[in-house]
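# Results of the structural survey
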Amino acid sequence: MKLFDYLDRYLIDNDYKITICNKEIHIVNYQEIEDFSSNRVVVRYKGGVTVLLGNNLVVSKMQDEELLITGELRSIEYN
């Protein structure tokens, strides 16, 4: 692999990631939200589907490929 390819992968991160801090769930590089309610959020990404289960789940911020959900998270399922 060329040096440019390494640099490009380092600067432009296209990996699907979930970060959980306190009562916030930060998701980057997702494709779409398939289903949303205050108890369940289904997010599709390139490799499959993530199901977030909890209480009082609210989409606080939504941008092109970035999502911030607040609420009480009980479990995460990957399919």
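Quick summary incoming for the structure in this document. All of these numbers come straight from a predicted model, not from anything done at the bench. (Residues numbered from 1 in each chain as written. Predicted model: local features only at pLDDT ≥ 70, side-chain atom pairs only at ≥ 80, totals over all residues. Heavy atoms only, no water.)

Attention now moves to the nonpolar core. One finds Tyr16, Ile25, Ile27, Tyr30, Val41, Val43, Tyr45, Leu52, Leu57, Leu67 and Ile69 forming the largest nonpolar core, which totals 11 residues. Among the elements that line this core, the one with the most residues is strand 4 (residues 40-45), at three residues. Aside from chain neighbours lying at most four places away, what touches Leu57 is Phe36, Ser37, Ser38, Asn39, Arg40, Val41, Leu52, Ile69, Thr70, Gly71 and Glu72. (Core = buried A, V, L, I, M, F, W, Y, C linked by side-chain atoms within 4.5 Å. Buried < 20%, exposed > 50% of the residue type's maximum accessible area, 1.4 Å probe, protein only. Helix = DSSP H or I, 4+ residues; strand = E, 2+ residues; numbered from the N terminus. Contact = heavy atoms within 4.5 Å.)

In this section: unusual backbone geometry. Here Asn22, not a glycine, exhibits a phi torsion of approximately 50 degrees, which is positive. Tracing the sequence through the fold places Asn22 in the loop between strand 1 (17-21) and strand 2 (24-28). Although it is not a glycine, Asn29 sits at a positive phi angle of roughly 65 degrees. Tracing the sequence through the fold places Asn29 in the loop between strand 2 and strand 3 (32-36).

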